[in-house]
Amino acid sequence: MKAEPLRTGLHRPGRLWLVISTALALLAAASWWLDRSLIDWQPALAWREPWRWWSAALVHWSVMHFWANLLATALVAAYGWAARVPPRVAWAWVVSWPFTQLALLAKPELLHYGGLSGVLHGGVAAVTVWLVLRGQGAQRTIGWMMLIGQVVKLLIEEPWGAALHAPTELDVAVAPLAHASGSMAGAVFTLAVLARRKAGGV
């Protein structure tokens, strides 16, 4: 019988997730003072300036937009911590980050985009996949409820439709495709790392 390895520091379940969530919040706060035109998503510059695949998530167009995403970041951080996701799921979320923005090439009419919401949807999807596949008892039930809820939300937003819509509760427009692409990327990369782990027998 093989002994369970001692987990310390960032190897403890949920710890790396909190670090990444905190880093996202801090980077978004620091980026508030930068010229948005240098780091936001612009399809015409996607290949010449590939840092925008990452930096666009840190751009916020208003104070309300900024604080709403910081609150959402805290909720996603709490979700991953409560689920005790392992480091490999946290890294899957990080890897999914640029694909959230790259998918926006499907909407070339979206000339500018910024915000954490797409990446945060990816984080929720990553944790949810972990709970559905590896959760126990009530954890798995919560995972399935979150999965159904996220799918319904994305369908209501109609990411295949208009590039933008303006919800009454926010003072900025929302890009539904970013929510869908973030969710898909987070789920796919989490499935990939879990499948690789299972195939490796550990």
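Treat the numbers as computed from the prediction; the structure is a model and nothing was measured.

Details of the overall build of the protein
Logical step 1: When you go through the protein residue by residue, the secondary structure sums to 7 helices and 0 strands.
Logical step 2: The C-alpha atoms of the protein give 17 Å as radius of gyration, which agrees with the globular expectation for 202 residues (17 Å, within 12%).
Logical step 3: The C-alpha extent of the protein, read off along each of the three principal axes, is 60 × 35 × 30 Å.
Logical step 4: Evaluated residue by residue, the protein yields a buried proportion of 47% over its 202 residues.

Overview of the confidence of the model for the protein
Logical step 1: Per-chain confidence: the protein averages 91 in pLDDT, with 92% of residues scoring 70 or above.
Logical step 2: By mean pLDDT, the top-scoring element of the protein is helix H5 (residues 117-134) (97), and the lowest-scoring one is helix H7 (residues 176-199) (91).
Logical step 3: In this model, residues 1-6 is a region of pLDDT below 50 whose contacts with residues beyond four sequence positions or in other chains number 0 contacts.

Concerning unusual backbone geometry
Excluding glycine, most residues fall at negative phi; most peptide bonds, likewise, are trans.
Logical step 1: For Arg84, which is not glycine, the phi torsion reads 55° and is therefore positive.
Logical step 2: Assignment of secondary structure puts Arg84 in the loop between helix H3 (63-83) and helix H4 (87-102).
Logical step 3: Even without glycine at this site, Glu158 takes up a positive phi of about 50°.
Logical step 4: Among the secondary structure elements, Glu158 is positioned in the loop between helix H6 (138-157) and H7.

Points about the side chain of Ser181
Logical step 1: With respect to the helices and strands, Ser181 occurs in helix H7.
Logical step 2: A relative accessible area of 9% means that Ser181 is categorised as buried.
Logical step 3: Here Ser181 is in contact with Phe99, Thr100 and Ala103, once residues within four sequence places are set aside.

Considerations on the packing of helix H1 (residues 15-31) against H3
Logical step 1: At a minimum axis separation of 8 Å, H1 and H3 run at an interaxial angle of 175°. Overall, the two elements H1 and H3 adopt an arrangement that is roughly antiparallel. Residue-level inspection shows Arg15, Trp17, Leu18, Ser21, Ala25, Ala28 and Ala29 of H1 in contact with H3, the latter providing Phe66, Leu70, Thr73, Val76, Ala77, Gly80 and Trp81.
Logical step 2: Residue composition of the contact of H1 with H3, grouped by class: 10 nonpolar, 3 polar and 1 charged.

Conventions adopted
Residue numbers here run from 1 along each chain, matching the order of that chain's written sequence. Whole-chain, interface and lining totals are the exception, using all residues; otherwise, since this is a predicted model, local features are given only for residues with pLDDT of at least 70 and side-chain atom pairs are given and counted only at 80 or more. Computation of side-chain values covers all heavy atoms of the structure but excludes hydrogens and water. Each helix is a run of H or I in the DSSP string that is no shorter than four residues. Each strand is a run of E no shorter than two, and both are numbered from the N terminus. Radius of gyration means the value over C-alpha atoms here, while the globule rule gives 2.2 Å times the residue count to the 0.38 power. Exposure categories follow from relative accessible area, calculated using a 1.4 Å probe and restricted to protein chains: below 20% of the type maximum is buried, above 50% is exposed, and the middle band is partly exposed. What pLDDT conveys is the predictor's confidence in a given residue, as a value from 0 to 100. Two residues qualify as a contact provided that any one of their heavy atoms is within 4.5 Å of a heavy atom in the partner residue. For helices, the fitted axis covers only the stretch in contact; all axes are lines through C-alpha atoms, and the angles between them, taken along N-to-C directions, range from 0 to 180 degrees. When an angle is under 35 degrees it counts as roughly parallel; over 145 it counts as roughly antiparallel; between 65 and 115 it counts as roughly perpendicular; any other value is oblique. Under the scheme applied, nonpolar residues are Ala, Val, Leu, Ile, Met, Phe, Trp, Tyr, Cys and Pro; charged residues are Asp, Glu, Lys and Arg; polar residues are all the others, including Gly.

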